[in-house]
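If you want the building blocks of each chain, they are given just below.
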Amino acid sequence: MPILSIEIPWDPNITQIGGLLLTWHGLFTAIGIFAGVRLSLTLAKVVDYDYDDAYTLALVGVPSGIVGARLLFVFEHWDSFSGDPVAILRITEGGISIWGAILGGVIGGLAFGLWKGYPVARGLDLASFGIILGQAIGRLGDLVNGEHLAKASELPWAVFYTHEDSPAFVHSLLVGPHHPATTYELIGDLVILGALFVLMFGVLWRKPGLTFFAYLIGYAVMRFFLTYLRIDSSETVLLDLRVPQLVSLLTVLASLPAIWYFATREPFEEPAPLQRLPLLGRLLGAER
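Residues numbered from 1 in each chain as written. Predicted model: local features only at pLDDT ≥ 70, side-chain atom pairs only at ≥ 80, totals over all residues. Heavy atoms only, no water.

Caption draft 1: Representation of the pairing of strand β2 (residues 13–17) in the model. Inspection of the sheet shows β2 paired to strand β3 (residues 20–23) by four bridges, in the antiparallel sense. Considered in β3, the bridge of Gln-16 is made with Leu-21. Hairpin connection between β2 and β3: a loop of two residues separates the two successive antiparallel strands, and Gly-18 in this loop has a positive phi of roughly 65°. (Pairing = 2+ DSSP bridges. Helix = DSSP H or I, 4+ residues; strand = E, 2+ residues; numbered from the N terminus.)

What follows is the structure, encoded as C-alpha cells:
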C-alpha cells in the first residue's frame, strides 16, 4: 500500500437476496434518482410549474434514462455481452452510462411533454437540477466500487483499491494509485448545480430552456476532458475520440440550434421568485 494515496478497502457488494445482487453502485444510483426527482419537484413548486405535470414527466424520464443508460453501456462494451445477452438485464450488478442516462431521460421526457403540450422549456430547466444532482450522488457509488478505471497518479489524493472484489483491485495492483476520475466529476457536478441556481433564478430566468442547455454543455465539456484520465473507455471510434468524447462533442453541436431557438423567443415576463428576497435577488443578478 503506497503511502501517498487513499486506500479504498470496501466490498463493492452489500448483500445478495436470492438472485439479486445489491451493490453500493446500485444503492447510490437509486438514492441519486430519488434525490434528483425530489429537487426538481420542489423547484417546480417554487416557480409555479404544474406539479402534476412535473411528476408525470419524472415518471416518464426516469425509466427512459435507465434504459438509455444500460443501452449505451452495452454498446460500449458489446464484447462483454455478445456471448451472454441475458447479462444485459442484470443492471443491479452495475454497468450504466451517464451519457445514456442523460440522453435517454431527456429524449423520453421531452417527447412525452411535447405530445401532451406541457411547457417543455421550463420543464427542461427544472429537470437539469435533478439530473446533475442525481449524477453527483451516483458518483459516490463509483468511488466505493472502483467501477471506473483511471490513469496512474502520484498525487496525494490518488486512490488504491484493496478489496479483491472491487473492479479496480487488479488495476490498483498493476498501475498503483490512480486518479479518482469519477470523484473529479462529482465535484464538477456540484459546481454545475450551484451555477444552475445562479443562472435560472438570475440572468436566464426570462429565457426558459437556456438553463438546461447551460447544464448540458457544461457537463459535456467537463466529461470530454475528464475522459482523458479514464482508461475504461480507451478505444477510439472517430477522429481519435472515445465514445464519451464523441457523444460530448455531438451533444454540444446538436445543442447550438436549440440554444438559438430559446434565446430568440419572446422573454418570459413574470418576475423571478427570488425577487421577493431583495438581497439574494441582487446576488443572483435577478432583474427588478
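We are not done yet, so read on.
Caption draft 2: Focus on the packing of helix α1 (residues 24–46) against helix α2 (residues 51–76). Contact geometry of α1 with α2 gives a least axis separation of 10 Å together with a crossing angle of 155°. In terms of orientation, α1 and α2 fall into the roughly antiparallel class. Crossing handedness for the pair α1 and α2: right-handed. Seen from α1, the contacting residues are Ile-33, Val-37, Arg-38, Leu-41, Ala-44 and Lys-45; seen from α2, they are Tyr-51, Ala-54, Tyr-55, Ala-58, Val-62 and Ile-66. Its residues assigned to classes, the contact of α1 with α2 shows ten nonpolar, no polar and two charged. (Axes fitted to C-alpha atoms, helices over the stretch in contact; angles between N-to-C directions. Parallel < 35°, antiparallel > 145°, perpendicular 65-115°, else oblique. Left-handed = near helix turned anticlockwise from the far one by under 90°. Contact = heavy atoms within 4.5 Å. Nonpolar A, V, L, I, M, F, W, Y, C, P; charged D, E, K, R; others polar.)

Caption draft 3: A look at the pattern of salt bridges. A complete count under the given rule lists three salt bridges for this structure. Measuring nitrogen to oxygen at the nearest pair gives 3.4 Å for the salt bridge that ties Asp-125 to Arg-122. Placement of the pair is Asp-125 and Arg-122 together in helix α5 (residues 120–145), with a separation of three residues, close to one helical turn. As far as burial versus exposure is concerned, Asp-125 and Arg-122 are alike and both buried. Across the pair Asp-142 and Arg-139 runs a salt bridge, and its minimum N-O distance is 2.5 Å. (Salt bridge = Lys/Arg side-chain N within 4 Å of Asp/Glu carboxyl O. Buried < 20%, exposed > 50% of the residue type's maximum accessible area, 1.4 Å probe, protein only.)

Caption draft 4: Fine view of the packing of aromatic side chains. For the structure on display, the rule yields 14 aromatic pairs. The interplanar angle of 70° and the centroid separation of 5.2 Å between the aromatic rings of Trp-99 and Tyr-219 together place this pair among those described as edge-to-face. Linking Trp-99 in helix α4 (residues 98–116) with Tyr-219 in helix α8 (residues 210–226), this pair joins segments that are 120 residues apart in sequence. When its relative accessible area of 0% is taken as the criterion, Tyr-219 is described as buried. A ring pair is formed by Phe-129 and Phe-197, whose centres lie 4.8 Å apart and whose planes are at 70°; its orientation type is edge-to-face. Taken together, the residues Phe-129 in helix α5 and Phe-197 in helix α7 (residues 181–203) connect sequence positions 68 residues apart. The class for Phe-129 is buried, based on a relative accessible area of 0%. Residue classification places Phe-197 among the partly exposed positions, given a relative accessible area of 29%. The structure contains a cluster of three or more aromatic residues connected by ring pairs, namely Phe-129, Phe-197, Phe-201, Trp-205 and Phe-268. (Phe/Tyr/Trp six-rings, centres within 6.5 Å; stacked < 30°, edge-to-face > 60°.)

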